[in-house]
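Next come the chains, spelled out residue by residue.
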Amino acid sequence: MHEHIDSVKTYAFVFVTLLALTLLTTLVAEVDLGPLNVAVALLIAVIKMLLVALFFMHLRHSPMLTKVVVCGGLLWLLILMVLTMADFVSRKWLPVPGV
Amino acid sequence: MDSQTETVALREQFETAGQQKEASTLGMWVFLVTEIMFFGGLFLAYMVYRRLFPEVFWVASSSLNKIIGAVNTAVLLCSSFTMVLAVHAAQIGSRRAIVIFLILTMLLGGVFLGVKAYEWNEKFQEHHVPGPSFHLEHTTEQGRAQLFFSLYFAMTGLHALHMIIGEGLLLFLLFHAYAGKYTPAYYTPVDIGGLYWHFVDIIWIFLFPLLYLIGQH
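Residues numbered from 1 in each chain as written. Chains lettered and ligands numbered in written order. Predicted model: local features only at pLDDT ≥ 70, side-chain atom pairs only at ≥ 80, totals over all residues.

Visitor: How do you make sense of the overall build of chain B when you look at a structure like this?
Guide: Tallying secondary structure elements over chain B gives 7 helices and 0 strands in all. Reading the secondary structure of chain B in the N-to-C direction produces α-α-α-α-α-α-α. Taking the principal axes of the C-alpha coordinates as reference, chain B spans close to 70 × 30 × 30 Å. Classification of the 217 residues of chain B by burial places 35% in the buried group. (Helix = DSSP H or I, 4+ residues; strand = E, 2+ residues; numbered from the N terminus. Buried ≥ 20, exposed ≤ 12 C-beta atoms within 10 Å, placed from the backbone.)

Written out as structure tokens, the structure reads:
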């Protein structure tokens, strides 16, 4: 069994980056970017998620099967959200007779 | 030594200790994927109602204290850092360090829950809890504002419940680590407990911007 052990230095670097991103997302929320505010906040959240999953949860060194399972889960979440939102977003595009 | 040989023991369905560990870790990830879908439903409900009533969500979100939210995010990230150090301590076989970092993780988790309790209490005093006495300032859409706060309480409440369960898991790990059950050859429970703790952290990483930051400029 080949266990890959990351150094404390790597973890510390990831940790400091996570704190910096938290500060950044809080500060950016002060600036009015219009609809971009949501996009930036979510982008930073996704980067933080990737850092936690890849480093703290050791996904970088996990077997391919584990990676496939995680990606499968995220794909299913995407199906849930994209299909539902596709309905809500496009509902008013065409007039419905009788309404 | 008896307890150690028992915990390292290879179950008969596995060929090697590595295979056994991989199976345990994969099992935890499969559970976490079901948790993603569990929380996913709430995130979807949030997205739908935010899309339908953007102005009210803007006002309601602005009533949350984002400094407290940011500080609590930092506290939770610190606890994830100490958790990963506990796993690291187990990998290099330092019983003392595992115990210390598990205690630190539990304390930071406790601080997070304490701040959360303070925030919830504030909501009760400000009448921001959905119900007959609900009242949110700067909006006439009281019903729709209650939707935001229903989601707020459901999402942060479910997250807090996961934190409380996590504290229980950490306590279990702490007893076993103190008894010296974890060695570099066998520390799967610490590893898996860490996966759970980091997952709960990731949920908060998304809750924080969605509840606290969206709509505040």
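Visitor: Which parts of the structure should I look at to understand the interface of chain A and chain B?
Guide: Frequently, the measure chosen for interface size is the accessible area that the parts lose on association. Contact with chain A, which involves 39 residues of that partner, is made by 39 residues of chain B. Secondary structure elements with two or more residues in the side of chain A that touches chain B: helix H1 (8-28), helix H2 (36-56) and helix H3 (64-90) of chain A. It is H3(A) that provides the largest number of residues to the side of chain A that touches chain B, a total of 12 residues. (Contact = placed C-beta atoms within 7 Å.)

Visitor: I keep staring at the packing of helix H4 (residues 66-92) of chain B against helix H5 (residues 95-125) of chain B and nothing clicks. Help me out?
Guide: Any two packed helices are characterised by the angle at which their axes cross and by the distance between the axes. Residue and element names in this part refer to chain B. Across the interface, H4 lies against H5 with an axial gap of 8 Å and an inter-helix angle of 165 degrees. Between H4 and H5, the crossing angle belongs to the class labelled roughly antiparallel. Crossing geometry of H4 relative to H5 is assigned as left-handed. Contact residues: Ile68, Asn72, Val75, Leu76, Cys78, Ser79, Thr82, Met83, Leu85, Ala86, Ala89 and Ala90 in H4; Ala97, Ile98, Phe101, Leu102, Leu104, Thr105, Leu108, Gly109, Val111, Phe112, Val115 and Glu119 in H5. (Axes fitted to C-alpha atoms, helices over the stretch in contact; angles between N-to-C directions. Parallel < 35°, antiparallel > 145°, perpendicular 65-115°, else oblique. Left-handed = near helix turned anticlockwise from the far one by under 90°.)

Visitor: Even after reading the chapter, I still don't get the nonpolar core, so can you show me in this structure?
Guide: Buried together is how nonpolar side chains tend to be arranged in soluble globular proteins. B:Ala86 and B:Ile98 are the most contacted members of the largest nonpolar core, which has 68 residues in total. Elements with a minimum of two residues in this core: H1 and H2 of chain A together with helix H2 (17-52), helix H3 (54-62), H4, H5, helix H6 (142-178) and helix H7 (188-213) of chain B. For this core, the element with the highest residue contribution is H7(B), accounting for 18 residues. What B:Ile98 contacts, discounting residues up to four positions off in sequence, is B:Ala86, B:Ala89, B:Ala90, B:Ala177, B:Tyr182 and B:Val190. (Core = buried A, V, L, I, M, F, W, Y, C linked by C-beta atoms within 7 Å.)

Visitor: Would you mind showing me how to read the environment of B:His162 here?
Guide: Residues and elements named next belong to chain B. Here His162 shows up in helix H6. Looking at His162, the number of C-beta atoms within 10 Å reads 19, which means it is partly exposed. Placed 40 residues apart in sequence, His162 and Glu122 show a C-alpha to C-alpha distance of 22 Å.

Visitor: I'm lost on the domain arrangement of chain A in this one. Help?
Guide: Per the domain assignment, the segments making up chain A are domain 1 (1-57) and domain 2 (63-91). The C-alpha centroid of domain 2 of chain A is placed 21 Å from the C-alpha centroid of domain 1 of chain A. (Domains from an automatic or database assignment.)

Visitor: Where do I start with the environment of A:Ile5 in this structure?
Guide: Counting through the fold element by element, A:Ile5 comes out in the segment before H1. Expressed as a C-alpha distance, the spacing of A:Ile5 and A:Met81, which sit 76 residues apart in the sequence, is 36 Å.

Visitor: Sorry, what's going on with unusual backbone geometry here?
Guide: Keep in mind that most residues, glycine aside, have a negative phi and that most peptide bonds are trans. Even without being a glycine, A:His58 presents a positive backbone phi close to 60 degrees. By the secondary structure assignment, A:His58 is in the loop between H2 and H3. In this structure A:His58 comes out as buried when scored by C-beta crowding, with 21 C-beta atoms within 10 Å. The backbone of B:His138 shows a phi angle near 65 degrees, a positive value even though the residue is not glycine. Here B:His138 is to be found in the loop between H5 and H6.

Visitor: How should H2(B) be read in this particular structure?
Guide: With 36 residues, H2(B) ought to run about 52 Å at 1.5 Å a step, and its terminal C-alpha atoms sit 52 Å apart, in line with that. At B:Gly40, H2(B) is bent by approximately 25 degrees, the largest bend along its length. Check the buried side of H2(B) and you find it contacts H3 of chain A together with H3, H6 and H7 of chain B. (Expected span 1.5 Å × (residues − 1). Bend = angle between axes of the 7 residues up to and from the residue.)

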